[in-house]
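Take a look at the letters that make up each chain.
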Amino acid sequence: LQRSLGLIVLLLLGLVLAAEPGQAGGHTLNILDRDASAFNREVRGLLVWVMGFAALVFVVVTGALVYVTVKFRRTGKETGEPEQLHGNDRLEVAWTVIPTVIVLIIFGLTAQSMFKLDRPTPGAMVVEVRGWQFWWDFHYKDYGVRNSNELILPVGKPVRFEITGGDGTNYDVIHSFRIASMVGARDAIPGVVTHIEVTPEKIGTYYGQCVELCGASHANMRFRVKVVPQEEFDRWIEGARAFQAAQPTDPTLVRGQELYKQQCAGCHALKGVSQGAPSNPDLTFFGNRTTVGAGMWPNVPEYLEPWIKNSPGMKPGVKMPAFPNLSDEDVKAIAAYLMSHKVEGLDFSKLEKF
Ligand code: CUA
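Nothing here was measured: the structure is a model prediction, and the numbers come from that model.

Reading the values: rules and limits
- Residues numbered from 1 in each chain as written.
- Predicted model: local features only at pLDDT ≥ 70, side-chain atom pairs only at ≥ 80, totals over all residues.
- Heavy atoms only, no water.
- Disulfide = S-S within 2.5 Å.
- Buried < 20%, exposed > 50% of the residue type's maximum accessible area, 1.4 Å probe, protein only.
- Salt bridge = Lys/Arg side-chain N within 4 Å of Asp/Glu carboxyl O.
- Phe/Tyr/Trp six-rings, centres within 6.5 Å; stacked < 30°, edge-to-face > 60°.
- Helix = DSSP H or I, 4+ residues; strand = E, 2+ residues; numbered from the N terminus.
- Core = buried A, V, L, I, M, F, W, Y, C linked by side-chain atoms within 4.5 Å.
- Domains from an automatic or database assignment.
- Contact = heavy atoms within 4.5 Å.
- Buried area = accessible area lost by both parts, 1.4 Å probe.
- Polar contact = N/O pair within 3.5 Å; in protein donor to acceptor, adjacent residues only side chain to side chain.
- Nonpolar A, V, L, I, M, F, W, Y, C, P; charged D, E, K, R; others polar.

### Considerations on the state of the cysteines
Under the defined criterion, the tally for this structure stands at zero disulfides. In this structure cysteine 264 is not part of a disulfide, and its nearest cysteine sulfur, from cysteine 267, lies 8.7 Å away. Take cysteine 264: its relative accessible area is 13%, and that puts it in the buried class.

What follows is the structure, encoded as structure tokens:
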């Protein structure tokens with residue numbers, strides 16, 4: 001009894017936590033947030049039906065069990081075997097037909113929702129999503145803009161995610177893309193493109209997470225979604241398209257650039273400075289990022305600097321090597337150089353609360 005009570009308490013606690021009002025932007029982890037998107041409202045509607053039937057079945061079955069237990073209990077007067085019953089056609093038909101009808105209703109409602117949510121919206125903005133161990137690459141196909149681990153989306157505009165894993169030449173494992181309180185999950189499978197579509201309806205920060213066990217840092221394969229007003233999105237896209245890394249004059253940044261070219265440029269892309277490889281995060285607008293390590297820490301020097309020096313020590317399984325050869329000054333210079341690259345006039349951190 002104690003064990004089942006413990007289990008019930010744990011379950012209730014899980015439910016409370018799942019529904020806990022989030023930080024910036026409302027209920028950031030609440031999958032039932034009806035203001036976030038039509039997708040959520042649809043899923044919420046289905047859940048009500050499923051839970052309703054589940055409650056009905058629970059009440060009927062438990063009620064019947066309690067009834068027969070009490071009614072046919074041994075009272076002490078009986079002797080020998082009780083009267084034996086063999087089948088009841090009416091009852092058997094009833095408990096076959098009723099569950100079948102319930103399952104058919106749930107099936108019909110689910111199929112209806114699936115078709116509805118799967119219908120592509122003409123003119124939706126396309127974002128190509130690639131899952132890599134253990135980070136996310138976002139490519140705004142229509143604009144030729146790439147960003148890592150942070151999705152900037154305009155409020156009220158349909159967006160179609162084209163989701164895959166790796167890039168066809170570089171091997172990677174299966175991941176799964178999910179924005180917890182906005183849209184359901186889709187697997188990111190190497191060699192296959194899956195789709196999911198959503199129209200964000202509420203400005204704020206949303207939490208994204210890989211939801212397919214993919215290795216040592218599966219739990220650390222996160223991302224942030226910033227839903228911003230259309231004008232702000234347009235400014236960001238315009239700034240991103242026109243972006244050119246300036247030649248620094250500040251001595252720290254000059255040193256940072258020199259070190260970046262020696263240590264980082266071979267792997268990472270930074271528009272106008274290095275080509276990098278698609279299998280590594282793009283660092284072009286690093287100054288606009290609000291997180292480090294794919295959503296693990298806030299993007300501030302106290303996390304960014306140790307990350308540059310020894311990321312495998314901060315995140316298990318990360319593919320970037322440690323750089324024990326870099327001095328503290330070197331690391332500070334690289335961090336400052338990276339932070340100097342940003343689309344000016346935009347501060348997504350004001351949406352954020354860790
Ligand atoms: Cu990627 Cu789990």
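From this point, things continue past the structure.
### Considering the pattern of salt bridges
Enumeration over the complete set of coordinates arrives at twelve salt bridges. Of the charged contacts, one joins arginine 146 and aspartate 137 as a salt bridge, the two residues approaching to 2.8 Å between their closest N and O atoms. Exposure remark for aspartate 137: the relative accessible area of 4% places this residue in the buried category. A salt bridge links arginine 160 to glutamate 197; the shortest N-O distance between them is 3.1 Å.

### Re the packing of aromatic side chains
Any two aromatic rings considered together are summarised by their centre-to-centre distance and by the angle between their planes. Across all of its chains, the model carries 17 aromatic pairs by this definition. Aromatic side chains tryptophan 136 and phenylalanine 177 sit 5.7 Å apart centroid to centroid with 70° between the ring planes, which places their arrangement in the edge-to-face category. With tryptophan 136 in strand β2 (residues 135-140) and phenylalanine 177 in strand β6 (residues 175-179), this pair connects stretches of sequence that are 41 residues apart. Comparing tryptophan 136 with phenylalanine 177 shows no difference in burial state: the two are buried. Ring geometry for phenylalanine 177 and phenylalanine 223: centres 5.1 Å apart, planes at 10°, overall stacked. Here phenylalanine 177, found in strand β6, pairs with phenylalanine 223, found in strand β10 (residues 222-228); they are 46 residues apart in sequence, far enough to count as distant.

### What to know about the nonpolar core
Within the largest apolar cluster, 61 residues are counted, with the highest numbers of intra-cluster contacts made by Tyr140, Leu151, Phe161, Phe177, Ile179 and Trp236. The biggest single contributor to this core is helix α7 (residues 328-339), with six residues. Residue-level mapping places this core at the junction of two domains, with at least three residues from each of domain 2 (125-242) and domain 3 (251-351). With near-sequence residues (within four places) excluded, phenylalanine 161 lies in contact with Val127, Val129, Leu151, Leu153, Phe177, Ile179, Thr194, His195, Ile196 and Val198.

### Focus on the domain arrangement of the protein chain
Domain parsing of the protein chain yields domain 1 (2-70 + 90-118), domain 2 (125-242) and domain 3 (251-351). Taken over C-alpha atoms, the centre of domain 2 sits 20 Å from the centre of domain 3. Across the boundary between the two partners, domain 2 contributes 34 residues, which contact 26 residues of domain 3. Both sides together, the interface formed by domain 2 and domain 3 hides about 2500 Å², and carbon and sulfur atoms give 53% of it. At the boundary of domain 2 and domain 3, one finds one salt bridge. Put simply, arginine 146 and aspartate 282 hold a salt bridge, and the shortest N to O gap is 3.8 Å. Our count for the domain 2 to domain 3 interface comes out at 14 residue pairs in polar contact (both at pLDDT 80 or more). Counting only elements with at least two residues in the side of domain 2 that touches domain 3, the list comes to β3 (145-148), β4 (150-154), β9 (204-210), β10 and α4 (230-242). With seven residues, α4 is the single largest residue contributor to the side of domain 2 that touches domain 3. Across the side of domain 2 that touches domain 3, the residue classes tally to 14 nonpolar, ten polar and ten charged.

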